[in-house]
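An overview of the molecular structure
Residues per chain are reported as follows:
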Amino acid sequence: GDVYKRQEQCLVIAICSRPMGVQRGGSVMTNSNESNSQTDSLEVCQNQESMLLANLLRLLDKPCWRQRRQPLLDTLDLMLINLPNYLQLASRGGYFTDVIRLRPNWYQQVEALHSANIDCIRSLREIRNRIERARSSATIEIKESGDIDAWVRSLVSIRGHESRLLQAAFTLDIGGEA
């Protein structure tokens, strides 16, 4: 039951973590002259996100809260480093910029995704701080696991929206229909 659900979540995360239109190597399918280091960095962030999310889900499957508390905090700390880096790369010269360049009237949609990413980071920081403040013997496992699961679903949803927006922008750019 739960093991299969978590494996399915890992598969969805791996599929959704790289927005459609982003090729292997992290380059966006545009004619822009984006630097190799920026596209490589975006790919690194995307790959790290996938690995960290998979690790997070594995940690939630461990039965003992005390044994997983510090590895969970460590993973959340790494996520809190990676997510802002990802957002910065996507926003500054990344595919968010390309979408606005191609579709200036989609600015509000891009801003909404940017805000959703910021809210997601803020939410993860709150969960992480709650776990850190809790005494190691505290029984908060069920609430925190549920909060983390909800957070993961939220992030996967945001990545899905990013993928659809990017795909629509480039489909329209190469002659697709609206």
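Residues numbered from 1 in each chain as written. Predicted model: local features only at pLDDT ≥ 70, side-chain atom pairs only at ≥ 80, totals over all residues. Heavy atoms only, no water.

Some remarks on the pattern of salt bridges
Heads up, the rule is: Just to be clear on terms, a salt bridge is a Lys or Arg side-chain nitrogen sitting within 4 Å of an Asp or Glu carboxyl oxygen. Segments assigned H or I by DSSP are reported as helices when at least four residues long, segments assigned E as strands when at least two residues long, and all are numbered from the N terminus. Summary of the burial criterion: residues with accessible area below 20% of their type's maximum are buried, those above 50% are exposed, and those between are partly exposed, where the area comes from a 1.4 Å probe applied to protein chains only.
Going through the model one piece at a time under the given rule, you end up with seven salt bridges. We note a salt bridge from Asp147 to Arg130, for which the minimum N-O separation is 2.3 Å. Taken together, the positions of Asp147 in helix 6 (residues 141-173) and Arg130 in helix 5 (residues 107-133) put the pair 17 residues apart, joining distant regions of the chain. Taking the relative accessible area as the measure of exposure, Asp147 reaches 21% and is therefore partly exposed.

Here we look at helix 5
Stated precisely, the cut-off is as follows: One less than the residue count of a helix, multiplied by 1.5 Å, gives the span that helix is expected to have.
Taking 1.5 Å as the rise per residue, helix 5 with 27 residues should run 39 Å; its terminal C-alpha atoms sit 39 Å apart, in good agreement. Taken together, the buried positions of helix 5 are occupied by Val110, Leu113, Asn117, Cys120, Ile121, Leu124, Ile127, Arg128 and Ile131.

Focus on the packing of helix 4 (residues 95-102) against helix 5
Going by this rule: Note on definitions: angles span 0 to 180 degrees between N-to-C directions of axes, and those axes are lines fitted to C-alpha atoms, for helices only across the stretch in contact. Convention used here: angles under 35 degrees read as roughly parallel, angles over 145 as roughly antiparallel, angles from 65 to 115 as roughly perpendicular, and any remaining angle as oblique. Left-handed describes a crossing whose near helix is turned anticlockwise from the far helix through less than a right angle; right-handed describes the clockwise counterpart. Only heavy atoms enter the contact rule, under which two residues are in contact if any of them lie within 4.5 Å. We call Asp, Glu, Lys and Arg charged. Ala, Val, Leu, Ile, Met, Phe, Trp, Tyr, Cys and Pro are nonpolar, and the rest, Gly among them, are polar.
Two elements in contact, helix 4 and helix 5, have axes whose closest approach is 9 Å; the angle formed by their N-to-C orientations is 160 degrees. Comparing the axis directions of helix 4 and helix 5 gives the class roughly antiparallel. The two elements helix 4 and helix 5 cross, and the hand of that crossing is left-handed. Here Phe96, Val99 and Ile100 of helix 4 come into contact with helix 5, specifically with Tyr107, Val110, Leu113 and Asn117. Taken together, the residues that form the contact of helix 4 with helix 5 break down as six nonpolar, one polar and no charged.

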